[in-house]
Amino acid sequence: MKFYPADAGAWRRLILWPSLLFAVLFLTLEYGGLDLAVSARFYDPASGSFPLRNHFWTQAVLHDGARHVLVGLAVGLIALWALSWRAASLRPHRRALAYLIVSITVSLVLVQQLKNHTNVDCPWNITGLGGDRPHVGLFADRPDALPPGRCFPGGHSSGGFALLAFYFVGRGPRRVWLLAPGLVIGSVFAFDQWMRGAHFPSHDLTSAYVSWMTALAVARVFDAISAARKNAARRCETSDSAA
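Residues numbered from 1 in each chain as written. Predicted model: local features only at pLDDT ≥ 70, side-chain atom pairs only at ≥ 80, totals over all residues. Heavy atoms only, no water.

Colleague: Just give me the short version of unusual backbone geometry, but keep the residues and values in it.
Modeller: A cis amide bond links Phe152 to the next residue, Pro153, at an omega of -5 degrees. Residue position: Pro153 is located in the loop between α4 (94-118) and α5 (155-161). (Helix = DSSP H or I, 4+ residues; strand = E, 2+ residues; numbered from the N terminus.)

Colleague: Quick rundown of the state of the cysteines? Include the residues and the values.
Modeller: Among covalent bonds in proteins, the disulfide is the one between the sulfur atoms of two cysteines. In total, this model carries 1 disulfide according to the counting rule given. Note on cysteine connectivity: Cys122 is disulfide-linked to Cys151, with sulfurs 1.7 Å apart. Here Cys122 and Cys151 share a disulfide; its torsion about the S-S bond, -65 degrees, makes the bridge left-handed. With a gap of 29 residues between them, Cys122 in the loop between α4 and α5 and Cys151 in the loop between α4 and α5 connect regions that are remote in the sequence. With relative accessibility at 7%, the residue Cys122 sits in the buried group. Judged by its relative accessible area of 5%, Cys151 is buried. (Disulfide = S-S within 2.5 Å. Buried < 20%, exposed > 50% of the residue type's maximum accessible area, 1.4 Å probe, protein only.)

Colleague: Explain the nonpolar core to me, using residue names and the numbers behind them.
Modeller: Among the nonpolar cores identified, the biggest contains 30 residues, and Phe3, Leu14, Tyr99, Phe168 and Trp212 are the most heavily contacted of them. Among the elements of the structure, α1 (10-31), α3 (56-83), α4, α6 (179-196) and α7 (201-242) are those that each provide at least two residues to this core. When neighbours within four sequence positions are excluded, Leu14 is seen to be in contact with Tyr4, Pro5, Tyr167, Phe168, Trp212, Met213 and Leu216. Within the second largest apolar cluster, 9 residues are counted, among which are Phe50, Cys122, Ile126 and Ala198. (Core = buried A, V, L, I, M, F, W, Y, C linked by side-chain atoms within 4.5 Å. Contact = heavy atoms within 4.5 Å.)

The structure is reproduced here in structure tokens:
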């Protein structure tokens, strides 16, 4: 089975339109002032802090607790893949399980690596939002004297958005519903981080885009490997028949 849809309009539906939408929304958030406006809604000037930063629900439940749930999901996928080598009922799903494991892992690693190299601050680091650093955009020239930033893209929301990979293991027109877990969980995690002052909306929008494009790229790689194996097997059969 192929993970990437085979219809002619797939590239527009899965690559072009999401990329255009991402570009428009990112520019609007980053340069239209909406990032700062959203963060300001959750900032309390009187206390000089984000009141929900260490709240039980935002910190212990939606951040720390949710992270443990996602780790459990990842362990569950790995366990199912391992069992597929012994359980006949799981064997037909082995490739799909492998795809999900690889796609989710690559997505999370890629977002983390971007966070380590983009050098962008969190809202709570910014002057006027409880911090002591000027707001420096992603493509702006960051002063060398500033400490390194480690907040772009959003790491926590990427754990939810990585689940967008489930779309590519679905079949038929109803596969679109498999986008729901990733979109809902990722958006909830993103909103939680906005309330805490940990990320701007553009940070989590980028995580969603990176997760989607990663899932798509891994799907194409898996399909290419599968096609290469089938072609190799076909050549072997042809050689055996000729012999």
